[in-house]
There are 2 protein chains.
Amino acid sequence: MPYDPSAFAPFAVTVDLVVLTVRRHALCALAVRRGESPFQGRWALPGGFVRPDEDLSQAAARELMEETGLRAHDPDAPAQVNGAHLEQLATYGDPGRDPRMRVVSVAHLALAPDLPAPRAGGDANSARWAPVEDLLQQGGYGRDGEQAAPLAFDHARILADGVERARSKIEYSSLATAFCPPEFTVGELRRVYEAVWGVALDPRNFHRKVTGTPGFLVPTGGTTTRQGGRPAQLFRAGGATLLNPPMLRPEV
Amino acid sequence: MPYDPSAFAPFAVTVDLVVLTVRRHALCALAVRRGESPFQGRWALPGGFVRPDEDLSQAAARELMEETGLRAHDPDAPAQVNGAHLEQLATYGDPGRDPRMRVVSVAHLALAPDLPAPRAGGDANSARWAPVEDLLQQGGYGRDGEQAAPLAFDHARILADGVERARSKIEYSSLATAFCPPEFTVGELRRVYEAVWGVALDPRNFHRKVTGTPGFLVPTGGTTTRQGGRPAQLFRAGGATLLNPPMLRPEV
DNA sequence: GTGTTTATCGTCAGGAAGACGACTATGATC
DNA sequence: GATCATAGTCGTCTTCCTGACGATAAACAC
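A brief report on the enclosed structure follows. If you're wondering where the values come from, they're calculated on a predicted model, not measured in any experiment. (Residues numbered from 1 in each chain as written. Chains lettered and ligands numbered in written order. Predicted model: local features only at pLDDT ≥ 70, side-chain atom pairs only at ≥ 80, totals over all residues. Heavy atoms only, no water.)

### Some thoughts on the interface of chain B and chain A
Every contact between the two is made by 31 residues of chain B and, on the other side, 31 residues of chain A. Each partner contributes to the roughly 2,500 Å² buried at the junction of chain B and chain A, and carbon and sulfur atoms together form 62% of this total. Between chain B and chain A we count twelve residue pairs in polar contact (both at pLDDT 80 or more) in total. Within the residue set of the side of chain B that touches chain A, elements represented by two or more residues are strand E1 (12-23), strand E6 (83-92) and strand E7 (103-111) of chain B. The element that contributes the greatest number of residues to the side of chain B that touches chain A is E6 of chain B, accounting for four residues. A breakdown of the residues in the side of chain B that touches chain A according to their chemical character gives 19 nonpolar, five polar and seven charged. (Contact = heavy atoms within 4.5 Å. Buried area = accessible area lost by both parts, 1.4 Å probe. Polar contact = N/O pair within 3.5 Å; in protein donor to acceptor, adjacent residues only side chain to side chain. Helix = DSSP H or I, 4+ residues; strand = E, 2+ residues; numbered from the N terminus. Nonpolar A, V, L, I, M, F, W, Y, C, P; charged D, E, K, R; others polar.)

Below, the structure written as structure tokens:
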């Protein structure tokens, strides 16, 4: 007898978060230490079960708030203080990805400005911002000499997908401003691009590009010298979300 | 007592397919008529439950084969006859999207060359290729005078997301060749772009662009006059998957 | 003041794209 | 068979964008 298409097996559905930020010129992701088996003591992406009455995006926003205190931006609302960009990334449902049961995880990508130390939440013993380079390299040693154990479950794959999404999306959208505080300078925005892409950009051409794209940056009138050197103009993110023509990621 | 984060509610997980093709200069999607309640008699996207032992992409490939007879391309394998491009699109899990139970649907996007009439499969009474314009317009009348009822569930939203993904992806990838037979002419490829984007492109500039992009097209040596006019060179899709610089979608 | 750092403006050459003219090779029609 | 319509293909020209890089400006450290 063929498979009954009306039958279905129950699945557990979770949301996992790839929360990215730029700290000290490095692209970092939020990692939590697992307090339970499986993968007890290993680092993992924050996440949790979707509740029966909430949408996937609601569940992701709730987890983000629990882990970081960040409110997710309504895509239609203007930028606000202490908000983060949040979007669905992809869904991972390999039958063997969780040894306990069949779990389908809807991964989300969040981009946040530089934050104070993370606060632990949920069942995590601790949480930290770690350079994605450290989290993704297998078998190496992290900055503090700690053995860099691979992330739990398939979270390395999920993190890699999230990083690649962020890298490509700042090319053709104004999303890089999500890594910046509400007011920022052209130089700070350039350092975001440099950290996310891992390349050095020409400050003069970058300045011409971003200030010449209508709707990308809005000058606030203020200036700052917090980066040292000559005072720099402060900008807010403009209404434009799509950059046309895009910002080109250098070859190689 | 707060919510127990270790508890989870069981969900049903399905895959839904947005299968796109180009027929008679129009972007068309595969729609199946629902044979069961809810939305009995309405058009919907093909799909079905994920089985306990299969991955999400396997489930999508299986559904695609059941509905169209198309084999999904292995992304790493070269193009083959009767194959279609298949990729994950997004996941939809609004609590109220299916009145029967909590269903999370992992939508996939498939791009196929022009095919003979579809064959019905599963619990669908019938299947057809319908212009996406007809499927997405609400309350109008289709080409055959039939009242254009909205698609079942949230499938209009899923279809719209899939169409937008296809429209943007052919800009910077060679994916448009997935709509073409194994051998095709520059003009046929141009008509694909015109149908997907709904614009007219300059044949001379298009020819210069696609033949000047290394790795995009490989001449087979043959020619054809199946489009009338002067014989045109035949090409196969080359190995390049990313177009740099991209094909630019005209403004407006 | 001198040096260092960062920001900002300007110049120039090369490449890509839009607009469009011109020519070519078929089949269809008179 | 001449003519016409249809598609395909090659070029030209202008404009815009980018990468490379010189030069100036405004702060701070000493």
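### Considerations on the side chain of Arg190 of chain A
Following the sequence through the fold, Arg190 of chain A ends up in helix H4 (residues 186-197). Beyond its immediate sequence surroundings of up to four residues, Arg190 of chain A is in contact with Leu201, Asp202, Pro203 and Phe206 of chain A.

### Considerations on the protein's contact with DNA strand D
In the vicinity of DNA strand D, 24 residues are found, and the nearest of them are Arg204, Arg208 and Lys209 of chain A together with Arg204 and Arg230 of chain B. Taking all atoms of DNA strand D within 4 Å of the protein, the share assigned to sugar and phosphate is 50%. Between DNA strand D and Arg208 of chain A there is a distance of 2.8 Å, counted from a base nitrogen to a side-chain nitrogen or oxygen. A distance of 3.0 Å separates a phosphate oxygen of DNA strand D from a polar backbone atom of Gln233 of chain B. Secondary-structure elements contributing two or more residues to the surface near DNA strand D are helix H5 (203-212) of chain A together with helix H4 (186-197), helix H5 (203-212) and strand E10 (232-237) of chain B. Ranked by residues supplied to the surface near DNA strand D, first place goes to H5 of chain A with four residues. Residue classes in the surface near DNA strand D are distributed as five nonpolar, nine polar and ten charged. (Near = heavy atom within 4 Å.)

### Remarks on the protein's contact with DNA strand C
Arg204 and Gln233 of chain A together with Arg204, Lys209 and Arg230 of chain B are the nearest of the 24 residues found near DNA strand C. Near the protein, within 4 Å, the atoms of DNA strand C are sugar or phosphate in 53% of cases. Contacts to DNA strand C include Lys209 of chain B, whose side-chain N or O atom sits 2.7 Å from a phosphate oxygen. Contact between DNA strand C and Arg230 of chain B: a base oxygen at 3.2 Å from a side-chain N or O atom of the residue. Among the elements of the structure, H4, H5 and strand E10 (232-237) of chain A together with H5 of chain B are those that each provide at least two residues to the surface near DNA strand C. Here the surface near DNA strand C gets four residues from one element, more than from any other, and that element is H5 of chain B. Partitioning the surface near DNA strand C into residue classes produces five nonpolar, nine polar and ten charged.

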